[in-house]
Amino acid sequence: MTRTAGIWLMIGLAGYALLPWYISAGGFWSFGWLAAPLGAGSSALVWAMSGRLWLVGPLLGLGFAAAVLAARRPPLATARGLVAAGALGLATMLGQGLMILGTGTRFGLAEASQPGMGAGAFVTAAALLFLITTGISGLGRGRGDAFVTGLVGLVVALVAVFVFYPMAFILIRAFELKGGAGFGVSEFLPRFFAPEIWSVSCLGGGRWCGPAVNSLLLALLTGAGTTLLGLAFALIFTRTDFPAKRLLRVLTILPIITPPFVIGLALILLFGRAGTITEFFADAFGWEKTRWLYGFWGVWLAQMLSFAPIAFLVLIGVVEGVSPSMEEASQTLNATRWQTFRYVSLPLMRPGLANAFLLGFIESLADFGNPLVLGGNFNVLSTDIYFAIVGTVADPAKAAILSMILLAMTLSAFVLQRQWLGNKSYATVTGKADSGRHAALSSGVRRACYALALPWAAFTLAVYLLIVFGSFVKLWGYDHTFTLIHYKRAFGIIMRNGIHFTGAAWDSYFTTLTISAISAPLTAAVGLATAYLLVRQNFIGKGAFEFSTMLSFAIPGTVIGVAYVMAFNFPPIELTGTALILIIVFVFRNMPVGVRGGIAAMSQLDRSLDEASIMLGANSATTLRRVILPLLGPAILAALTYSFVRAITSVSAVIFLVSARHNMATAFIVGRVENNEFGIAIAYATVLIVTMLAAILALQALIGRRRLRRTDRVEAH
């Protein structure tokens, strides 16, 4: 404990005395602050000596920690001292950061102001945090393991700063009184339960219900449908000898690598009033042309296309993880293949099914692009929130109320999921050997999987062939003359005295790839680390902590974007206009997929694996790196794939955060759609699809297939 604390103390002192305390012009990595060590690039120590006495607080915490370590007191006394020292330093940092802003005077200090915190503040805060967690481990918490307590402290701090802090700026508006007369609770419940939000007229014969009921019904149907489709695809991959698995694998991931509005546009050109399929049936069978696509069923169809791959990515690792020995034991007792699947295999897949449904449910609630394109008069909460923020008459209070309704629905689904799973054990991967031969599916289950998955794969293929086709014609749906003009305008290159990227899309393309490549591994790391804590560790507030990790996923991206602008546009943390804010919003927006996939996969790993590693002298960090992570290949792949893809295709969360220096691909595409330049938008989308597909296949090759057993075969039919 003392050695670890000593290391963090030295790091904290270095951050306080050597690194720039405030944000530097051009960013930390430009190292421009080195040219002005006594000016804008000054450390906290220099600023404190220059008169900013409020910056002495963190130094007091570090000094207290140094005194505690130098006193060489008994371990428990030292641990308590470290916790107190770290808490003192962090509390003073938090107080001076939030109270002494760049716009006014606090603490009676005339003209007291300061810019946003920089690298020095970040390093010092991290050191103080880990002094606290090291002291907590010394008190016997987290089995006395500094790695575990440090990981808990780090994730809690990150969620607090980048989820709770920005969301507070939005949610507090829910208690705003009408007319801007301050804040109170008198108007909250009447607005929360307003009849126009919770109307159930559709259940009594009306066309549509209120947006809350519409969203709930849509989310339930989408969650169930995507889970069923994902399970069918996962069973085909792991329990059958289907010959075209590689092609099927590509088709399962195509929808999640599609930029916004493209799926909706493709469905309109297929099933709209003037769509290809609509025209065919009208001419061939005399069917009436209708607008059925613009409403509940159209949005549901688009969401099924968009979110079924997420369920597949979660479920394939869970289906693979079911131990063949249990299936063999069932068949040894004369159970049929259907009985084995129904009473043995399927119950062991419960964690995956529950998490896949939860992700589909929450994705549907928070979906913004599909209802915006295909919703028509079918209102859902996400689009109502968007128009409450950017409409002709902005109503932030209404947006906050609707956001809290979304959170209530998410919390309810989360609680029901926990109750359904219960406290049962689903561990099937242990240190014991088995044959590695999975039981084949019964003929009925196999035919049902084929009947469900193969037509859906064919439909997906047709949609994407049309998307590619649309990028090579002058005007998709009207003028199908072959042309390359859209690609030339977006991705033109001139080879004259070197290579010149003249296309309008190159800048946003390179920026998008760079930010996505940085955010994807960070997202996977934070998500899987959180899953490890939730499955393998016990600590106070674990249930609340698990729910808090889902907050940023449950709220529409538009709200997240606005919240980030409101929270990080001024001190103490100024990030707007930088690439860092885009990376951060992607990490904490997409982290829950890594969390849910990691929980589903880790629930199948028996704790005896951890115990055996620790008994052989390994600590928790080594056990995580050498034992658990190698068994989490599918979860790692799902987290990396999803986070990389969503960083490229997300639109609602970044539409308010992009800048001239850091424009994203989706913002570029939306701009082209708004200017009716559909050809360029579709061409750009096609290039992104090919890029992401290549990246995903490379990730699969890099991570490889998880080997749980000496052989991973399917029993002969």
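Since the structure is predicted, the reported quantities are computational estimates derived from the model, not experimental observations. (Residues numbered from 1 in each chain as written. Predicted model: local features only at pLDDT ≥ 70, side-chain atom pairs only at ≥ 80, totals over all residues. Heavy atoms only, no water.)

Novice: Looking at this structure, how should I read the overall build of the protein?
Specialist: Each helix and strand in the protein was counted, giving 31 helices and eight strands. Sorting the 717 residues of the protein into buried and exposed places 54% on the buried side. As displayed, the protein has an accessible area near 30,900 Å², and 66% of this comes from carbon and sulfur atoms. (Helix = DSSP H or I, 4+ residues; strand = E, 2+ residues; numbered from the N terminus. Buried < 20%, exposed > 50% of the residue type's maximum accessible area, 1.4 Å probe, protein only. Areas by Shrake-Rupley, 256 points an atom, 1.4 Å probe, with all protein chains shown as cover.)

Novice: Please clarify how the side chain of Arg672 should be interpreted in this entry.
Specialist: Within the secondary structure layout, Arg672 lies in helix α30 (residues 665-674). Polar contacts involving the side chain of Arg672 include one to the side chain of Glu677, which spans 2.6 Å. Among residues more than four places away in sequence, those in contact with Arg672 are Glu677, Ile680 and Ala681. (Polar contact = N/O pair within 3.5 Å; in protein donor to acceptor, adjacent residues only side chain to side chain. Contact = heavy atoms within 4.5 Å.)

Novice: What should I look at first to understand a nonpolar patch on the surface in this one?
Specialist: A cluster of nonpolar residues, Met10, Leu13, Leu45, Met49 and Leu59, forms a patch on the protein surface that exposes about 470 Å² of accessible area. Contributions of two or more residues to the nonpolar patch are made by α1 (2-18) and α2 (44-49). With respect to the element layout, Met10 can be found in helix α1. You can call Met10 exposed: its relative accessible area is 55%. (Patch = residues over 30% accessible without salt bridge, like charges linked within 9 Å, V, L, I, M, F, W, Y side chains within 5 Å. Salt bridge = Lys/Arg side-chain N within 4 Å of Asp/Glu carboxyl O.)

Novice: What am I meant to see in the environment of Val344 here?
Specialist: Residue placement: Val344 occurs in helix α15 (residues 337-348). Look at Val344 and you get buried, because its relative accessible area is 18%. Beyond its immediate chain neighbours, meaning those up to four positions away, Val344 contacts Met326, Glu327, Ser330 and Gln339.

Novice: What exactly am I supposed to notice about the packing of helix α18 (residues 381-390) against helix α19 (residues 396-421) here?
Specialist: Packed helices, taken two at a time, are described by the angle between their axes plus the distance between the axes. Across the interface, α18 lies against α19 with an axial gap of 8 Å and an inter-helix angle of 160 degrees. Between α18 and α19, the angle falls in the class roughly antiparallel. By crossing handedness, the relation of α18 to α19 is classed as left-handed. The segment α18 lies against α19, with Leu381, Asp384, Ile385, Ala388 and Ile389 engaging Pro396, Lys398, Ala399, Leu402, Ser403, Ile405, Leu406 and Met409. (Axes fitted to C-alpha atoms, helices over the stretch in contact; angles between N-to-C directions. Parallel < 35°, antiparallel > 145°, perpendicular 65-115°, else oblique. Left-handed = near helix turned anticlockwise from the far one by under 90°.)

Novice: Explanation requested: the environment of Gly444 in the structure shown.
Specialist: As for its position among the elements, Gly444 is in helix α20 (residues 443-471). As for Gly444 and Trp338, which are separated by 106 residues in sequence, their C-alpha atoms are 8.0 Å apart.

Novice: Looking at this structure, I do not really get the pattern of salt bridges. What am I missing?
Specialist: Two side chains that carry opposite charge are able to pair once their charged atoms sit near each other. Applying the stated rule across the entire model yields three salt bridges. Of the charged contacts in the structure, one is a salt bridge between Glu677 and Arg672, with a shortest N-O distance of 2.6 Å. Accessibility expressed as a relative area gives 23% for Glu677, which makes it partly exposed. Taking relative accessible area as the criterion, Arg672 reaches 18% and is therefore assigned buried.

Novice: I tried to follow the packing of aromatic side chains on my own but got confused; where do I start?
Specialist: The geometry of an aromatic ring pair comes down to the distance between the two centres and the angle between the two planes. One pass over the structure, following the stated rule, counts 41 aromatic pairs. Seen from their ring centres, Tyr165 and Phe169 are 5.2 Å apart, and the 90 degrees between their planes marks the pair as edge-to-face. Of this pair, Tyr165 and Phe169 both sit in helix α6 (residues 146-171), four residues apart, which is roughly one turn of the helix. The exposure class of Phe169 is partly exposed, given its relative accessible area of 23%. (Phe/Tyr/Trp six-rings, centres within 6.5 Å; stacked < 30°, edge-to-face > 60°.)

Novice: I tried to follow empty space enclosed by the protein on my own but got confused; where do I start?
Specialist: Unfilled space is identified by rolling a water-sized probe across the atoms. Under the counting rule described, the total for this entry stands at seven cavities of 30 Å³ or more. Estimated volume of the second largest cavity: approximately 90 Å³. Of all the elements in the fold, those that place two or more residues in the lining of the second largest cavity are α10 (245-253), α13 (296-321) and α20. Considering every element that reaches the lining of the second largest cavity, the biggest residue donor is α13, with five residues. The class makeup of the residues in the lining of the second largest cavity is ten nonpolar, two polar and no charged. (1 Å grid on protein atoms, 1.4 Å probe; cavity = no way out; pocket = protein on both sides within 12 Å on 5 of 7 lines; lining within 4 Å. Points joined across faces, edges and corners; volume = space filled by probe spheres on them. Nonpolar A, V, L, I, M, F, W, Y, C, P; charged D, E, K, R; others polar.)

Novice: Help me understand the nonpolar core in this model?
Specialist: As a rule of thumb, nonpolar side chains are buried together in soluble globular proteins. By size, the foremost hydrophobic cluster in this structure holds 178 residues, and its most contacted members are Leu235, Ile257, Leu267, Met349, Ile405, Tyr564 and Tyr684. Looking at which element gives the most residues to this core, the answer is α13, with 17 residues. Ignoring any residue separated from it by four or fewer positions in sequence, one finds Tyr684 in contact with Phe491, Ala505, Ser508, Tyr509, Ala665, Phe668 and Ile669. Judged by nonpolar contacts, the second largest core, of 21 residues, contains Leu82, Met93, Ala121 and Leu128. (Core = buried A, V, L, I, M, F, W, Y, C linked by side-chain atoms within 4.5 Å.)

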